[in-house]
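# Structure at a glance
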Amino acid sequence: MRTNVLLNTYAFQEPWAAAWLERLLKPDMRATVVAFSFNAGMDEVQAASEGHRRDLLPAFAHYGIGPEQVELVNWFRDTPQTARQKIQNSDILFFTGGWPDHMMYRLGRWELIELIEQFDGIVMGCSAGAMVQMKRYHITPDEDYPNFVYLSGMDMLDRFYIEVHYRETDLQHASIDRVRRERGKPVFAMYNDGGLLVQGDCVTPMGRVRLFLPEKAE
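What counts as what
- Residues numbered from 1 in each chain as written.
- Predicted model: local features only at pLDDT ≥ 70, side-chain atom pairs only at ≥ 80, totals over all residues.
- Heavy atoms only, no water.
- Salt bridge = Lys/Arg side-chain N within 4 Å of Asp/Glu carboxyl O.
- Helix = DSSP H or I, 4+ residues; strand = E, 2+ residues; numbered from the N terminus.
- Buried < 20%, exposed > 50% of the residue type's maximum accessible area, 1.4 Å probe, protein only.
- Phe/Tyr/Trp six-rings, centres within 6.5 Å; stacked < 30°, edge-to-face > 60°.
- Lys NZ or Arg CZ within 6 Å of the ring centre and 35° of its normal.

Next up on the list: the pattern of salt bridges. Per the counting criterion, the structure on display carries 6 salt bridges. Residue Glu50 pairs with Arg77 through a salt bridge whose shortest N-O separation is 3.0 Å. Residue Glu50 is found in helix 2 (residues 42-62), and its partner Arg77 is found in the loop between strand 3 (70-74) and helix 3 (80-88); the two are separated by 27 residues along the sequence. A salt bridge links Asp177 to Arg180; its shortest N-O distance comes to 2.7 Å. Taken together, the residues span about one helical turn, with Asp177 and Arg180 both in helix 7 (residues 170-183) at a distance of 3 residues.

Structural data, given as structure tokens:
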């Protein structure tokens, strides 16, 4: 059975997360970091993609997973075939933060979505990498996205919505209220030191998470 881990940080070795993840992440596991969430020039992206992997190594090391066990899927250096092989050989998939719609576009271009949806290991993601694990997600307006929008992610989680990087702002509350009203589903608002662990029908908050119950759908 697949396990989903939704985060706002790469530092998931911190106590609020480790209390739960130490039961799941084991030293013999292999992880693949999917760094498709970029929106920048090629040279910058290549450097950033490698940087994502480096930034994640301390967290994986906390669980006994060494650098040689953490691979990277790089849009510019891999191919659809090598990406599929890395995913199939992994116990953990980690989706990076950034732009979720760009990530979904590239996963679709390489025909990886169905393969990932069928993955029965541990799927982790930070911010955008958490959002794309949702069948449908919303984006609260910010410096990158000027308008509220609903978008499609992967068909993994569909019983709730998430608000990432929750800071209790009026804009976030307006988005959360809209989702509750229009979709009739609960919204988990995750502070930066908070996340969700989803195993089957069980949704476990890790760290600081605020639950907004649904309103009647229109």
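Let's shift gears to unusual backbone geometry. Generally, phi is negative for residues other than glycine and the peptide bonds are trans, each holding for most cases. The backbone of His165 sits at a positive phi, close to 50°, despite the residue not being glycine. Of note, His165 is situated in the loop between strand 8 (161-163) and helix 7. One non-glycine residue, Glu168, adopts positive backbone phi at about 65°. Its location among the elements puts Glu168 in the loop between strand 8 and helix 7. By relative accessible area, which is 42% here, Glu168 ends up partly exposed.

A full pass over the atoms with the stated rule returns 14 aromatic pairs. Taken together, a centroid distance of 6.5 Å and an interplanar angle of 80° make the contact between Phe60 and Phe94 edge-to-face. Of this pair, Phe60 sits in helix 2 while Phe94 sits in strand 4 (residues 92-95), placing them 34 residues apart in sequence. Arranged with centres 4.9 Å apart and planes meeting at 70°, the rings of Tyr166 and Tyr191 form a pair that is edge-to-face. Residue Tyr166 is located in the loop between strand 8 and helix 7, and its partner Tyr191 is located in strand 9 (residues 187-199); the two are separated by 25 residues in the primary sequence. Classification of Tyr166 as buried rests on a relative accessible area of 2%. Aromatic ring contacts, followed pair by pair, group Tyr10, Phe12, Phe60, Tyr63 and Phe94 into a single cluster. Above the ring of Trp75, the side-chain terminus of Arg106 is found at 5.8 Å from the ring centroid. Lying over the aromatic face of Tyr191, Arg208 brings its terminal NZ or CZ to 4.0 Å of the ring centre.

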